[in-house]
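Descriptive structure summary
So you can see what is in the structure, the chains are spelled out below.
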Amino acid sequence: MEFQNLFYPKAVAVFGSASEGKLANVLINRLLDGGMERVFAVNPKAISVRTAKGCASLNDVPEKVDMAVIAAPAVTVNGILEDCGKCGVKAAIIISSGFSEAGNAEGEKEIIATAKRHGIRFIGPNCAGMVCTQGNLVATLETAPPSGNISIISQSGAIGGSFMALSAQFGVGISKFLSYGNGGDLTVLELLRYLKNDEETKVIALYLESIPTGREFMAAVREVSAVKPVVIVKSGRSNAGQRAAMSHTGSMAGADVVCDAALRQCGAIRANTLIDMFEICKGFSMMPPVKGKSLAIITNSGGPGVMTVDKAEEKGLLIPETSEEVKAQLREYLPPFAGLRNPIDLTVEATGEQYRQAIEIALKERDCAIVLYIGTPYLKAMPVAEAIVAASRNSGKPVSAVMQVGSDIEESFEYLRDNGVPAYASGEDAATVLATMANYEVRRESEGAAPCILDAGELGKAFKEGTDRLLEPEAMKLLNENGISIPPYAFAQTEDESVAGANKLGYPVVVKVVSPQIVHKSDCGGVKLNIKNDGEARAAFKHMEEIAQGKDFRGVIIYPMLKIGKEVILGLTNDPTFGPLVAFGMGGVYTEVLKDITFRVAPIGKDEALKMIKEIKMYPLLRGVRGEAPSDTEALAEMISQFSLLPFFYPDIHEADLNPVFLYEKGACAADVRILGK
């Protein structure tokens, strides 16, 4: 296996000053404390550290070394890699800083070239090292975690260290920690794909500050998340990210909105904070998959039970009333004053055995359970903890616990943890995690989002040489040629042509000015509605000539007066990280004021477009309210999907808006269009 030496080295050489307090000294101690037996300290003075023999050079090491851990000055790193290459070392962790992050890009290119020439794979430089608990490898300055099945990849060593500190504090084990720093060789993409097939990893946590290759990243995450969950914290949620200021679409495509859409689209789970990420990973690590959304809540206190219900419903879980059959079974074990509806309220007198019976019986018709025990300082919580563990094992279904107060509460927490039942601070926290796990299973079993790379065949050009904006007749022609529904139209360059066009379409008509120098037509009187006859058509054409006086007047475009439907907007814009995006939202005030709009990385299929439509707040208006007929969301989804393809068929398209699109009971029609070039 290519990464065997990186994760499971048998002998490690640590380069750098081994004097007490120096980085190399600390790293050697961490390796020895972690169980690595064959460690060598390579430094000019040949200083030994504990059982790590000091050697002046790699040539003095008495056996073959599998991995180099480098904590030496940046100027020495390339020479160290040359020595490693000559001695057959195939893996390295470069802790040393002073490379591209400090403006020394050339120095980083040099070590990359040297490592590549010798076939050395490395993480770093400027990283916090790595951990592989099953390989007894603790090559990091951060907290050493207990062994488990969570792996974390972190762009920030400190964030990864904080995650492992939580792991140590709460006894939730780590399989691997990877701080890739500058990513000179091994990138997050390669590390993700390695962990996808790693049997020691059940769930992957990922902290990112930037996503340099958006579509490649999406492809990797989508591939991995189909096998195991990928939980991501992406910092930089501010809307001060890049925007495309020329369109409705671009102005609302803040960097975080786009990132959020992209992560969901490729199946990742986005956490808001480090604690959220840890709690979600804990759930995936300790519980079996949540194969449905039906939740049982077992409690001994009404208030916390009700608060758990509120959060569970908010997160999309279902809390059905207990069936009569199950109620009858519960009555055999519970007192007559117990509440059986769901939450199942055992009251303060509940025993451990009653908890066990209630959990097991309730789970006969539910997918998962949250068990709350709100105790008192003078009573023991352990009987309830033992009951929760027993019921969890017997049911084989996901069970999470909330235990508060008890004379032995800490011992009870340890018992739950040691027996594979996660404990949370509140029912609301437990409900959030279970809902996240249930949604992951739903998403994983679905077909998924659009491909990140599209073979569009022979590419076209939307724009003539020297232009970056399509006139409306040109834009409408392009839409029509690509299967996007538009109204019939006529383009007229003379007064007589405008009359002929209006007659062909049939009165009443709309007349709009066509000029590359007039962008916002309605602002200057460049739109005339409800033209009823030839005289009005001639007058409208003359009016357009007048308002375009001194400008490049090309003529007018004429449409029949359309029946007003529900107004929606479709947009395309270009994100610097993810490339072409497609947007959908309600038109008019809903777009301008409420910003009721959702995004996807393009292209997308019809199924994903339907999900977009259902995401907006105003979706109930499209379903039909107060007796209104529902709008044709199938036709709209087809239009969104076709529209999302345009930047791939015509790479010179940078932005586009269809605003408004009229949505009817049957069909949809783009009533106005704007397409801009790069």
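Criteria and cut-off values
- Residues numbered from 1 in each chain as written.
- Predicted model: local features only at pLDDT ≥ 70, side-chain atom pairs only at ≥ 80, totals over all residues.
- Heavy atoms only, no water.
- pLDDT = per-residue confidence, 0-100.
- Contact = heavy atoms within 4.5 Å.
- UniProt positions renumbered as here; feature names shortened; annotations may be inferred.
- Helix = DSSP H or I, 4+ residues; strand = E, 2+ residues; numbered from the N terminus.
- Salt bridge = Lys/Arg side-chain N within 4 Å of Asp/Glu carboxyl O.
- Buried < 20%, exposed > 50% of the residue type's maximum accessible area, 1.4 Å probe, protein only.
- Axes fitted to C-alpha atoms, helices over the stretch in contact; angles between N-to-C directions.
- Parallel < 35°, antiparallel > 145°, perpendicular 65-115°, else oblique.
- Nonpolar A, V, L, I, M, F, W, Y, C, P; charged D, E, K, R; others polar.
- Arc of directions from axis to C-beta.
- Pairing = 2+ DSSP bridges.
- Phe/Tyr/Trp six-rings, centres within 6.5 Å; stacked < 30°, edge-to-face > 60°.
- Lys NZ or Arg CZ within 6 Å of the ring centre and 35° of its normal.

- Taking an unreviewed UniProt entry as the reference, the chain is identified by name as Acetate--CoA ligase family protein belonging to Cloacibacillus evryensis.

**Focus: the confidence of the model for the chain**
- Summing up the model confidence of the chain, the mean pLDDT is 92 and the portion of residues at 70 or higher is 94%.
- Within the model, the stretch residues 449-456 combines pLDDT values under 50 with 19 contacts to residues more than four positions away or in other chains.

**With respect to the UniProt feature "domain: ATP-grasp" (unreviewed entry) in the chain**
- Mapped onto the present numbering, the UniProt feature "domain: ATP-grasp" (unreviewed entry) falls on residues 476-512.
- Here residues 476-512 runs as 46% helix and 19% strand, with 13 Å between its end C-alpha atoms.

**As for the pattern of salt bridges**
- Enumeration according to the criterion identifies 40 salt bridges in this entry.
- Ionic pairing is found between Arg270 and Asp256, a salt bridge with its closest N-O pair at 2.6 Å. Pair noted here: Arg270 is in strand E13 (residues 269-270) and Asp256 is in helix H9 (residues 255-265), with a separation of 14 residues, a long-range link. Side by side, Arg270 and Asp256 carry an identical accessibility label, which is buried.
- Salt bridges sharing partners connect three or more residues here, namely Asp256, Asp260, Arg264, Arg270, Arg443, Arg600, Glu608, Lys611 and Glu615.

**Some words on the packing of helix H6 (residues 188-196) against helix H7 (residues 214-225)**
- Orientation of H6 relative to H7, taken along the N-to-C sense of each, is 10°, at an axis distance of 9 Å. Taken together, the axes of H6 and H7 are roughly parallel relative to one another. Touching Val188, Leu189, Leu192, Arg193 and Lys196 of H6 are Glu216, Phe217, Ala219, Ala220, Val221, Glu223 and Val224, all from H7.
- Among the residues forming the contact of H6 with H7, the class breakdown is 8 nonpolar, no polar and 4 charged.

**Some remarks on helix H18 (residues 495-505)**
- Residues of H18 that are buried include every one of Ser498, Val499, Gly501 and Ala502, and no others. Around the axis of H18, the buried residues are gathered within 165° of arc, so they sit on the same side. Facing away from the buried surface of H18 by more than 90 degrees, the exposed residues are Asp496 and Lys504.
- In this structure, the buried side of H18 is in contact with strand E18 (490-492), strand E19 (509-514), helix H19 (534-547) and strand E21 (555-560).

**Considering the sheet that holds strand E15 (residues 344-345)**
- Strand order across the open sheet formed by 4 strands is E15-E14-E16-E17, with parallel pairing between neighbours. Only two strands of the sheet have a single neighbouring strand rather than two, namely E15 and strand E17 (399-404).
- Alignment of strand E16 (residues 368-374) against E17, held across 6 bridges, turns out to be parallel. Its bridge partner being in E17, Tyr373 is matched across the sheet by Met403.
- Sitting on the sheet, helix H11 (residues 302-314) is in contact with strand E14 (295-299), E15 and E16, with an inclination near 160° to E14.

**Remarks on the packing of aromatic side chains**
- Taken as a whole and judged by the stated rule, the model has 10 aromatic pairs.
- Judged by centre distance (5.4 Å) and plane angle (70°), the rings of Phe3 and Tyr194 are edge-to-face. With a gap of 191 residues between them, Phe3 in the segment before helix H1 (4-7) and Tyr194 in helix H6 connect regions that are remote in the sequence.
- The exposure class assigned to Phe3 is buried, which follows from its relative accessible area of 8%.
- Aromatic side chains Phe170 and Phe278 sit 6.0 Å apart centroid to centroid with 40° between the ring planes, which places their arrangement in the tilted category. In this pair, Phe170 sits in helix H5 (residues 157-170) while Phe278 sits in helix H10 (residues 274-286), placing the two residues 108 residues apart along the sequence.
- Of the residues examined, Phe170 reaches a relative accessible area of 42% and is grouped as partly exposed.
- Exposure remark for Phe278: the relative accessible area of 2% places this residue in the buried category.
- These aromatic residues form a ring-pair network of at least three members: Phe3, Phe7, Tyr8 and Tyr194.
- The ring of Phe7 carries the charged tip of Lys176 above its face, separated from the ring centre by 5.8 Å.
- Geometry around Tyr424 places Lys282 over its ring, the cationic atom sitting 4.3 Å from the centre.

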